[in-house]
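Residue strings, one per chain:
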Amino acid sequence: MTSDESRRLYDRALSVLPGGVNSSVRATMPYPFFVQSGDGGHVVDADGNRYVDYVNGYGPLLYGHSPPEAVQAAIQRHASQGPMYGAPTEIEVEHAEFVARHVPSVEMIRFVNSGTEATVSAVRLARGYTGRDKIVVMQGGYHGAQESTLVEGEGDHVRPSTRGIPQSFAEHTIPVPFNDADAIIETFQEHGDEIAAVLTEPILGNKGIVMPVDGYHETLRDLCDDHGALLIFDEVITGFRVGGLQCAQGKFGVTPDVTTFGKIVGGGFPVGAIGGKAEIIEQFTPSGDVFQSGTFSGHPVTMAAGHAYLTYAAENDVYEHVNALGRRLREGLTEIVADQAPAYTVAGTDSMFKVLFTRDAPESFEGHCEAGCEQREECPRYDLCPKNGADVAACDTERWERVFWQEMKDRGVFLTANQFESQFVSYAHTKEDVEETLDAYREAL
Ligand SMILES: *Cc1c(COP(=O)(O)O)cnc(C)c1O
């Protein structure tokens, strides 16, 4: 497997793009491969090497690189008719109607251009709606590159997690550990009447994959209700991925006040969205007075791609296919891990998967989760499996980035670049791809 062309391109890129990339996670070591093209469940790099692709654009590509004919046709049609106008179009209404019909908590929706923009707008909306400033977030949760949520620490020691953000932003954000009911109950006891919203991913999808423990979301729902705060689910990664068209909130049976979307809802084009109860979403301008606006928002090509994507999923076996392959992958990985790396934890649900390089093996494997950690208390791994962001950060992250990722790449499998980002099965993947992938794990783990 040669990589001369990718190395040459990266060398050029380093002169004109900071770090040679446009999104930091792409800068794999020692240099990334440059993609020439996608083909079904595979990508082909600039040197002609072919990989089974489980990155899928970091989440948006439910169909891999060859979406159904109906999706391709919708994209071509709208791209050739404008492609955008600064005036409303029918396809925005159709897409909004579709989401409102399928996602339990959504009556109205505002489309924007990225997941980051969605969470920024949702935080502003929650503050505008409640007249309060504080936002509770989960340590290890990810809500894009926004000032209010790029924080770290706890209690009185919360600070921005990057340079360039004033300390004063962090003063309004309260990070708590995911899955820790006591911590959030205490937070509400102390700050209950100052909290505008709890903003959380229903599953930590950007820091390993961490499922909620039994009752955690219900605790959040109750606390928000009792104290007049909004519960915001950030479903940018889980939306139309976990729980099918109802999203993760449908799977868990918890109804947030506001939901942020991104990734899949744009059918492979830049997108974000904020949905929820009409009474809340209508606070956005021009119906309300929380300012929100965007030149490209509701872009017709994006709306057409997203709508065709989800319509196809509603009418075909898309979720059955990706969830069955996801299950097979996690089951296979669980067997391999038990055999070769008993300290590791297989994580994920539906079409998401990841092996977490945890450091302690359970005493027995009897009755453990067979297809990805479900946070079952009876599982012998329960005390060892990661419950929050800090637990995932304590994994053997160096081994993942410096050795394992390259080993899998050399075997023709493209995984996400570090221990934290989720991986995805697409509709274009086959049983053969999955078996090949398990062989590669068997050799590389
Ligand atoms: C990807 C992601 C974001 C950010 O979306 P962008 O489109 O990259 O700005 C926000 N929240 C979650 C949960 C995500 O997975």
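Relevant structure appears above.
Throughout what follows, the structure given in this document is the object of discussion.

Rules behind the numbers
- Residues numbered from 1 in each chain as written.
- Predicted model: local features only at pLDDT ≥ 70, side-chain atom pairs only at ≥ 80, totals over all residues.
- Heavy atoms only, no water.
- Phe/Tyr/Trp six-rings, centres within 6.5 Å; stacked < 30°, edge-to-face > 60°.
- Helix = DSSP H or I, 4+ residues; strand = E, 2+ residues; numbered from the N terminus.
- Buried < 20%, exposed > 50% of the residue type's maximum accessible area, 1.4 Å probe, protein only.
- Lys NZ or Arg CZ within 6 Å of the ring centre and 35° of its normal.
- Salt bridge = Lys/Arg side-chain N within 4 Å of Asp/Glu carboxyl O.
- 1 Å grid on protein atoms, 1.4 Å probe; cavity = no way out; pocket = protein on both sides within 12 Å on 5 of 7 lines; lining within 4 Å.
- Points joined across faces, edges and corners; volume = space filled by probe spheres on them.
- Nonpolar A, V, L, I, M, F, W, Y, C, P; charged D, E, K, R; others polar.
- Near = heavy atom within 4 Å.
- Polar contact = N/O pair within 3.5 Å; in protein donor to acceptor, adjacent residues only side chain to side chain.
- Areas by Shrake-Rupley, 256 points an atom, 1.4 Å probe, with all protein chains shown as cover.
- Expected span 1.5 Å × (residues − 1).
- Bend = angle between axes of the 7 residues up to and from the residue.
- Contact = heavy atoms within 4.5 Å.
- Disulfide = S-S within 2.5 Å.
- Pairing = 2+ DSSP bridges.
- Axes fitted to C-alpha atoms, helices over the stretch in contact; angles between N-to-C directions.

## Focus: the packing of aromatic side chains
Applying the stated criterion to the full structure yields 15 aromatic pairs. Ring geometry for Phe 33 and Tyr 51: centres 4.3 Å apart, planes at 10 degrees, overall stacked. Here the residue Phe 33 occupies a position in the loop between helix 1 (4–16) and strand 1 (35–39), and Tyr 51 occupies one in strand 3 (residues 50–53), the gap between them amounting to 18 residues. Tyr 51 sits in the buried class, given a relative accessible area of 1%. Aromatic side chains Phe 178 and Tyr 216 sit 5.4 Å apart centroid to centroid with 75 degrees between the ring planes, which places their arrangement in the edge-to-face category. On the criterion of sequence distance, the pair formed by Phe 178 in the loop between strand 8 (173–177) and helix 6 (181–191) and Tyr 216 in helix 7 (residues 216–227) is long-range, its members being 38 residues apart. The class of Tyr 216 is buried, set by a relative accessible area of 1%. Linked through ring pairs, Tyr 344, Phe 357, Trp 400, Phe 404 and Tyr 441 together constitute an aromatic cluster. Sitting above the plane of the Phe 420 ring, Lys 207 keeps its charged end 4.2 Å from the centroid. For the cation-ring pair, Lys 387 lies above Tyr 382, with the distance from its terminal atom to the ring centre recorded as 4.1 Å.

## Here's the deal with the pattern of salt bridges
Taken as a whole, this structure holds 15 salt bridges when the rule is applied. In this structure, Arg 7 engages Asp 4 in a salt bridge whose closest nitrogen and oxygen atoms are separated by 3.4 Å. Residue Arg 7 and its partner Asp 4 are both found in helix 1; the two are separated by three residues, about one turn of the helix. For Arg 221, the salt bridge is made with Asp 257, and the minimal N-O distance between the two is 2.9 Å. Remark: Asp 257 occurs in the loop between helix 8 (247–252) and strand 11 (258–262) and Arg 221 occurs in helix 7; sequence separation between them is 36 residues. As far as burial versus exposure is concerned, Arg 221 and Asp 257 are alike and both buried.

## Things to note about the layout of surface pockets
Within this model, the second largest pocket holds a volume of roughly 630 Å³. Looking at the second largest pocket, it is lined by 29 residues, and the ones nearest its centre are Glu 92, Arg 110, Phe 111, Ser 297 and Gly 298. Those elements that provide at least two residues to the lining of the second largest pocket are helix 3 (90–102) and strand 4 (108–112). Take the lining of the second largest pocket: its biggest share by element is four residues, from strand 4. For the lining of the second largest pocket, the residue count by class is 14 nonpolar, 11 polar and four charged.

## Observations concerning the site of the ligand
Taken together, Ser 114, Gly 115, Thr 116, Tyr 142, His 143, Gly 144, Glu 201, Asn 206, Asp 234, Val 236, Ile 237 and Lys 263 form the complete shell of residues around the ligand. Contact between the ligand and Tyr 142: a nitrogen atom at 3.2 Å from a main-chain N or O atom of the residue. One of the side-chain N or O atoms of Asn 206 is found 3.0 Å from an oxygen atom in the ligand. Here the ligand, which alone exposes 380 Å², has 84% of that area covered by the protein. Classifying every residue of the shell around the ligand by side-chain character gives three nonpolar, six polar and three charged.

## Remarks on helix 13 (residues 397–410)
Taking 1.5 Å as the rise per residue, helix 13 with 14 residues should run 20 Å; its terminal C-alpha atoms sit 19 Å apart, in good agreement. Where helix 13 bends most, at Phe 404, the angle is about 40 degrees. When helix 13 is considered as a whole, its buried residues turn out to be Thr 397, Trp 400, Phe 404, Trp 405, Gln 406, Met 408 and Lys 409. The secondary structure elements touched by the buried residues of helix 13 are strand 3, strand 14 (352–356), helix 12 (389–393), strand 15 (413–414), strand 16 (423–424) and helix 14 (431–444). One or two residues past the end of helix 13 sits Gly 412, with phi positive at roughly 80 degrees.

## So, the state of the cysteines
Within this structure, the stated rule accounts for zero disulfides. Cysteine Cys 379 shares no disulfide, and the gap to the nearest cysteine sulfur, in Cys 369, comes to 4.2 Å. Left unpaired, Cys 385 is separated from the closest cysteine sulfur, that of Cys 373, by 3.6 Å.

## A look at the sheet that holds strand 4
Strand order across the open sheet formed by seven strands is 4-12-11-10-9-5-8, with mixed pairing between neighbours. Of all strands in the sheet, those bounded by a partner on one side alone are strand 4 and strand 8. Geometrically, the sheet is characterised by an average inter-axis angle of 20 degrees between neighbouring strands, direction not taken into account. Taken together, the five bridges between strand 5 (residues 134–139) and strand 8 define a ladder with parallel strand orientation. Across the sheet, residue Val 136 finds its bridge partner in strand 8, namely Ile 174. Seen against the sheet, helix 3 touches strand 4 and strand 11 and runs at an angle of roughly 125 degrees to strand 4. Packing against the sheet, helix 7 makes contact with strand 5, strand 8, strand 9 (195–200) and strand 10 (230–234), and its axis sits at approximately 145 degrees to strand 10.

Purely geometric stuff here, so don't read any function into it on its own.
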